[in-house]
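# Per-entry structural report
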Amino acid sequence: MALPRLIPRFPSPFRSSSSLCNITRSSPLTTAMISRPFSLSFSAGDQAASSSSKTDTLIELAKARRTIYKLGKSSPVPDSKIEDLVNAAVLNVPSSFNTQSTRLIVLLHREHERLWDIVIETFEGLVKAGTVPEQTWKNQTLPKLQGMRGAVGTILFYEDPAHIKPFSEKFALYKDHFQPWADHSNAMHQYFLWAGLESLGFGANLQHYNPLIDAPIAKQWDVPNEWRLVAQLVFGSPEGGPGEKAQKPLEDRVKIYGKL
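Anyway, here's the lowdown on the structure attached to this text. (Residues numbered from 1 in each chain as written. Predicted model: local features only at pLDDT ≥ 70, side-chain atom pairs only at ≥ 80, totals over all residues. Heavy atoms only, no water.)

## What about the overall build of the chain?
Rules: Counting from the N terminus, the helices are DSSP H or I runs at least four residues long and the strands are E runs at least two residues long. The cut-offs for exposure are 20% and 50% of the maximum accessible area for each residue type, with area from a 1.4 Å probe on protein chains only; residues under the lower value are buried, those over the upper are exposed, and the others partly exposed. Contacts were defined at the residue level, with two residues in contact if any of their heavy atoms lie within 4.5 Å.
Scanning the chain from terminus to terminus reveals eight helices and five strands. Counted from the first residue to the last, the chain has its helices and strands arranged as α-α-β-α-β-α-α-β-α-α-β-α-β. By the burial criterion, 38% of the 260 residues in the chain qualify as buried. For the chain, restricting intrachain contacts to residue pairs at least 6 apart in sequence, the fraction spanning at least 24 positions comes to 86%.

Below, the structure is given as structure tokens:
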């Protein structure tokens, strides 16, 4: 099973009764929360203790965020909590030059099942065409996709190039870097939501079936043709634990200079 949930539950300032796509409006509360440091109202002693506690919590959550493939349909929270988390990601994860080009589509319950039906149908066509070996399909791919279907939901991560192009034209010196920078921001959205779902009690795994599934998904949920699908984050109740994770030597991966 996944590690115990160590993140304290706080009321979210981003709760909304509107659809998940309606994330551009902000109340005075959300504006204040975005522009104001969390520790502003604490004394110096309280700030130090709070900072240490928050750092420890962040590290424990990073440790707990693992790839979980065996997922179920039991949700530990109401759907509104998932919506709060997604809205918080979009409002708080940074982007280069503040392009805000990441787009998210959240599919829950039956809509989630429809997504993975589409993926299965797509692969069935590849099997018939001889592109995917039938034995591989029956013994490996199909059981994996059926496992994805058995979860609670999927978050689709997109990039909207319409919000990147103007910056590429305005800052010609960096024009070849804006798409990689956008992908960096997209990855931060993925990590934020993966860790956040872990804190809510879900297990999750990240998939990349694009571009095979791009067209049928766009048709099913009326996704703009210019949006570029980047990844799919599948989440559900953790019905199994993560696999073993070998770590390469830390000294080969981190260099610190000037430490006192």
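## Here's the deal with the pattern of salt bridges
So the rule is basically this: Each salt bridge in this description consists of a side-chain nitrogen of Lys or Arg and a carboxyl oxygen of Asp or Glu lying within 4 Å of one another.
One pass over the full model with this rule turns up eight salt bridges. Across the salt bridge formed by Lys 63 and Glu 60, the nearest N and O atoms sit 3.7 Å from each other. Pair noted here: Lys 63 and Glu 60 are both in helix α2 (residues 44–64), with a separation of three residues, about one helical turn. Through salt bridges with shared partners, one network takes in Lys 73, Glu 113, Asp 117 and Arg 149.

## As for a nonpolar patch on the surface
Quick reminder of the rule: Put simply, a patch holds well-exposed residues, over 30% relative accessible area, that have no salt bridge, with like charges counted together within 9 Å and Val, Leu, Ile, Met, Phe, Trp or Tyr side chains within 5 Å. Note that accessible areas follow from Shrake-Rupley with a 1.4 Å probe, and for residues the cover is restricted to the protein chains shown.
Residues Phe 97, Leu 173 and Tyr 174 make up a contiguous nonpolar surface patch of about 320 Å² in total accessible area. Looking at where Phe 97 falls in the secondary structure, it is placed in the loop between α3 (79–92) and β2 (102–108). Residue classification places Phe 97 among the partly exposed residues on the basis of a relative accessible area of 36%.

## Topic: the packing of helix α4 (residues 110–128) against helix α8 (residues 214–221)
To keep things clear, this is the line we draw: Here, axes are lines fitted to C-alpha atoms. For helices the fit covers the stretch in contact, and angles between N-to-C directions go from 0 to 180 degrees. Should the near helix be turned anticlockwise from the far one by less than a right angle, the crossing is termed left-handed; should it be turned clockwise, right-handed. Charged residues are taken to be Asp, Glu, Lys and Arg, nonpolar residues to be Ala, Val, Leu, Ile, Met, Phe, Trp, Tyr, Cys and Pro, and polar residues to be all remaining types, Gly included.
Here α4 crosses α8 at 145 degrees, and the two axes come no closer than 10 Å. Like other packed secondary-structure pairs, α4 and α8 cross with a definite hand, here right-handed. Counting all contacts with α4, which are made through Glu 111, Arg 114, Leu 115, Ile 118 and Thr 122, the residues of α8 involved are Pro 216, Ile 217, Gln 220 and Trp 221. Residues of the contact of α4 with α8, tallied by class, amount to five nonpolar, two polar and two charged.

## Section: α3
Quick note on the threshold: Helix span is expected to be 1.5 Å times the residue number reduced by one.
An ideal rise of 1.5 Å per residue puts 20 Å on 14 residues; α3 measures up with 20 Å between its terminal C-alpha atoms. The complete set of buried residues in α3 reads Ile 82, Glu 83, Asp 84, Leu 85, Val 86, Asn 87, Ala 88 and Ala 89. Where α3 is buried, its residues meet β2, β3 (153–159), α7 (178–200) and β5 (228–238).

## Details of unusual backbone geometry
Here the bond from Asn 210 into Pro 211 is cis, since omega is 5 degrees, no more than 30 degrees from zero. The phi angle at Phe 97 is positive, at roughly 60 degrees, despite the residue not being glycine. Even without being a glycine, Asp 222 presents a positive backbone phi close to 55 degrees. Looking at the secondary structure, you find Asp 222 in the loop between α8 and β5.

## Regarding the environment of Tyr 191
Locating Tyr 191 in the fold gives a position in helix α7. Given the relative accessible area of 40%, Tyr 191 is considered partly exposed. Placed 15 residues apart in sequence, Tyr 191 and Leu 206 show a C-alpha to C-alpha distance of 9.7 Å. In this structure Tyr 191 touches Ala 62 and Arg 65, once residues within four positions along its chain are discounted.

## With respect to the nonpolar core
Buried together is how nonpolar side chains tend to be arranged in soluble globular proteins. Our working rule: Only buried residues count toward a nonpolar core, which is a set of Ala, Val, Leu, Ile, Met, Phe, Trp, Tyr and Cys residues joined through side-chain atoms within 4.5 Å.
If you look at the biggest cluster of nonpolar residues, it comprises 27 residues, and the most contacted ones within it are Trp 116, Phe 123, Leu 145, Leu 156 and Ile 217. Elements represented by at least two residues in this core include exactly β2, α4, α5 (134–149), β3, α8 and β5. Among the elements that take part in this core, α4 stands out by supplying eight residues, more than any other. In this structure Leu 156 touches Arg 103, Leu 104, Ile 105, Leu 107, Leu 115, Ile 217, Leu 229, Ala 231 and Gln 232, once residues within four positions along its chain are discounted. Formed by 22 residues, the second largest nonpolar core is a distinct cluster that contains Val 77, Val 93, Leu 200 and Phe 202.

## Brief notes about the packing of aromatic side chains
As a reminder, the rule being used: Stacked, tilted and edge-to-face are the three classes applied to pairs of Phe, Tyr and Trp rings, where Trp contributes its six-membered ring and a pair requires centres within 6.5 Å; stacked means planes under 30 degrees apart, edge-to-face means over 60, and tilted covers the rest.
Following the criterion strictly, the structure yields 13 aromatic pairs and no others. Centroid distance Trp 116 to Tyr 209: 5.8 Å. Interplanar angle 85 degrees. Geometry classified as edge-to-face. One end of the pair, Trp 116, is in helix α4; the other, Tyr 209, is in the loop between β4 (203–207) and α8, with 93 residues separating them in the sequence. According to the relative accessible area criterion, Trp 116 is buried, its value standing at 1%. Consider the rings of Phe 123 and Tyr 209, whose centres lie 5.7 Å apart with planes at 90 degrees: the pair is edge-to-face. Linking Phe 123 in helix α4 with Tyr 209 in the loop between β4 and α8, this pair joins segments that are 86 residues apart in sequence. Each member of the pair, Phe 123 as well as Tyr 209, carries the same accessibility label: buried. Among the aromatic residues, ring-to-ring pairing joins Phe 97, Phe 167, Phe 171, Tyr 174, Phe 178 and Trp 181 into one connected group.

Any functional reading would require information that these geometric values do not contain.
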